[in-house]
Amino acid sequence: MEDNIFNVMLTARERFSARRSMPRKLIVAIDGPVGSGKSTLARRVAAMLSYIYIDTGAMYRAVALKAMRNNIAFDDVSAEKLVALARATRIDLRAADGRQQVLLDGEDVTAAIRTPEVAQGASKVAVNPGVRHVLVAEQRRAGEAGGVVMEGRDIGTVVFPDAQLKIFLTASPETRAERRWREHQQKGDQINLGRTLDEIHERDRRDRERTTSPLVQAEDAVLIDSTAMEPEEVARLVAMLARERESAAVA
Ligand code: DC
């Protein structure tokens, strides 16, 4: 077993309602590029199905934040120090009221991991095969019992290639940049729309071109382009697909 400890904690109420209302607990894998609306979709679908929501990007972000704080370089693909750091890191993902709280070695970093710097750092950290190995093992442990909506870049291809429902969510780069920009505006962060678009292109390239587990659509994934769709519309569509597959799995 790895030294790394990863926990998904649920409130007693969530655990009870998840068990009671599910005929067959599926694994729903949602992958896609930055800003495609994965988090909003995954959260909504999890609430609709009474499933647990797991955002795996938060784990890469937490490792990046810790590396930044410890002045550990993450550009070097074979950086042993970074792998050792990931192994020695405790990440707790707490599900409470449908949202995910992220604890890094016991410290609440839910807001601290959402800066553009940490986002860039996370996509660099994610290139490291050793770090991915550590985090993927924890993600499998967290989701293997089913009843989860897990979002990331490699959930349907690597983490759970046998997931019963896989969604590949996308949108035009301009739409994705505008959504990201709006999110930051709402938080009161002044960021530039043009720069946001450049950063999205940069992260897309790194996520798609890395050797280990690049961002690709699984062959059996349902492709949804959310450019011209309302979030609620996308969520209803995915929840409907999940219910169909739940029934098929029971029959
Ligand atoms: O989804 P996000 O923006 O929070 O993810 C941050 C970075 O982490 C992203 O640029 C790529 C990486 N990531 C990954 O490689 N695999 C995942 N399953 C999730 C995220």
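Rules used throughout
All residue numbers refer to positions counted from 1 along the written sequence of the respective chain. Under the rules for a predicted model, residues below a pLDDT of 70 receive no local features and side-chain atom pairs below 80 are neither given nor counted, while totals for whole chains, interfaces and linings still include all residues. Side-chain numbers come from the whole structure's heavy atoms, not from hydrogens or water. DSSP bridges decide pairing: two strands pair if at least two such bridges lie between them. Only runs of H or I of at least four residues qualify as helices and only runs of E of at least two qualify as strands under DSSP, and these elements are numbered from the N terminus. Every angle, taken between N-to-C directions, lies between 0 and 180 degrees, and every axis is a line fitted to C-alpha atoms, over only the stretch in contact when it is a helix. Each salt bridge in this description consists of a side-chain nitrogen of Lys or Arg and a carboxyl oxygen of Asp or Glu lying within 4 Å of one another. For every residue, the accessible area (1.4 Å probe, protein chains only) is compared with the maximum for its type, and the residue is labelled buried under 20%, exposed over 50%, or partly exposed between those bounds. We define proximity as follows: a residue is near a molecule or strand when any one of its heavy atoms falls within 4 Å of that partner. Polar contact is the term for a pair of N or O atoms within 3.5 Å; when the atoms are in protein, one must be able to donate a hydrogen and the other to accept it, and sequence-neighboring residues count only if both atoms are side-chain atoms. The protein chains shown are the only cover counted for residues, whose accessible areas, like all others here, come from Shrake-Rupley with a 1.4 Å probe. Each residue gets one of three labels, nonpolar for Ala, Val, Leu, Ile, Met, Phe, Trp, Tyr, Cys and Pro, charged for Asp, Glu, Lys and Arg, and polar for the others, Gly among them. Any angle that is under 35 degrees is reported as roughly parallel, and any over 145 degrees as roughly antiparallel; angles of 65 to 115 degrees are reported as roughly perpendicular and all others as oblique. Handedness of each helix crossing follows the sense of rotation of the near helix against the far helix: counterclockwise by less than a right angle gives left-handed, clockwise gives right-handed. Here a residue-residue contact requires only that any non-hydrogen atoms of the pair lie within 4.5 Å. As used in this record, nonpolar core signifies buried Ala, Val, Leu, Ile, Met, Phe, Trp, Tyr and Cys residues forming a set joined through side-chain atoms within 4.5 Å. It is the directions from the helix axis to the C-beta atoms whose arc is reported.

**Here's the deal with the sheet that holds strand S7 (residues 148-152)**
Spatially, S3-S7-S2-S8-S9 is the arrangement adopted by the 5 strands of the open sheet, whose pairing is parallel. The sheet terminates laterally at strand S3 (52-55) and strand S9 (222-225), the two strands that pair on one side only. Adjacent strand axes in the sheet meet at a mean angle of 20° when their direction is disregarded. Where strand S2 (residues 27-31) and strand S8 (residues 165-170) come together, 4 bridges link them in parallel fashion. Opposite Ala29, over in S8, you have Lys166 as the bridge partner.

**Topic: the pattern of salt bridges**
When their charged atoms lie close together, side chains carrying opposite charge are able to pair. Scanning the model with the defined rule gives 16 salt bridges in all. Asp92 is the partner of Arg90 in a salt bridge, and the nearest nitrogen-oxygen pair spans 3.0 Å. Looking at Arg90, the relative accessible area reads 30%, which means it is partly exposed. What makes Asp92 buried here is its relative accessible area of 4%. One salt bridge connects Glu209 with Arg205, and the closest N-O pair in it is separated by 3.9 Å. You can see Glu209 and its partner Arg205 sitting in helix H9 (residues 193-209), 4 residues apart, about one turn around the helix.

**Overview of the site of the ligand**
In the vicinity of the ligand there are 15 residues, among which Arg61, Arg132, Arg153, Asp154 and Arg210 approach most closely. Here an oxygen atom of the ligand and a side-chain polar atom of Asp207 are 3.2 Å apart. Burial of the ligand by the surrounding chains reaches 97%, relative to a free accessible area of 450 Å². Counting only elements with at least two residues in the shell around the ligand, the list comes to helix H3 (57-69), helix H5 (116-125) and H9. Among the elements that line the shell around the ligand, the one with the most residues is H3, at 3 residues. Across the shell around the ligand, the residue classes tally to 3 nonpolar, 4 polar and 8 charged.

**Examining the packing of helix H8 (residues 173-186) against H9**
With their axes 9 Å apart at the nearest point, H8 and H9 run at an angle of 120° to one another. One finds that H8 runs oblique with respect to H9. For the pair H8 and H9, the sense of crossing is right-handed. Mapping the contact onto sequence places Pro173, Glu174, Arg176, Ala177, Glu178, Arg180 and Trp181 in H8 and Leu193, Thr196, Leu197, Ile200, His201, Arg203 and Asp204 in H9. Grouping the amino acids of the contact of H8 with H9 by side-chain chemistry returns 6 nonpolar, 2 polar and 6 charged.

**Some details on the nonpolar core**
If you look at the biggest cluster of nonpolar residues, it comprises 39 residues, and the most contacted ones within it are Val63, Leu82, Ile91, Val125, Val131 and Leu135. When residues no more than four places from it in sequence are discounted, the contact partners of Val63 are Leu85, Ala86, Ile91, Val125, Val131 and Leu135. Of all hydrophobic cores here, the second largest spans 20 residues; its members include Leu26, Val28, Ile30 and Ile167.

**Some details on helix H4 (residues 80-87)**
For an α-helix, the turn length of 3.6 residues means that residues three or four places apart are oriented alike. Residues of H4 that are buried include every one of Leu82, Val83, Leu85 and Ala86, and no others. When H4 is viewed along its axis, its buried side chains cluster within an angular range of 160° and face the same direction. In H4, those exposed residues whose orientation departs by more than 90 degrees from the buried face are Glu80 and Lys81. In this fold, the buried residues of H4 make contact with H3, H5 and helix H6 (129-143).

**Brief notes about unusual backbone geometry**
The phi angle at Ser50 is positive, at roughly 55°, despite the residue not being glycine. Mapped onto the elements of the fold, Ser50 is located in the loop between helix H2 (38-49) and S3. Under the relative-accessibility criterion, Ser50 is labelled partly exposed at 26%. Backbone geometry at Ser213 places phi at a positive 45°, although glycine is not the residue there. On the secondary structure map, Ser213 appears in the loop between H9 and S9.

Take it as geometry only, folks, not as evidence of what the structure does.
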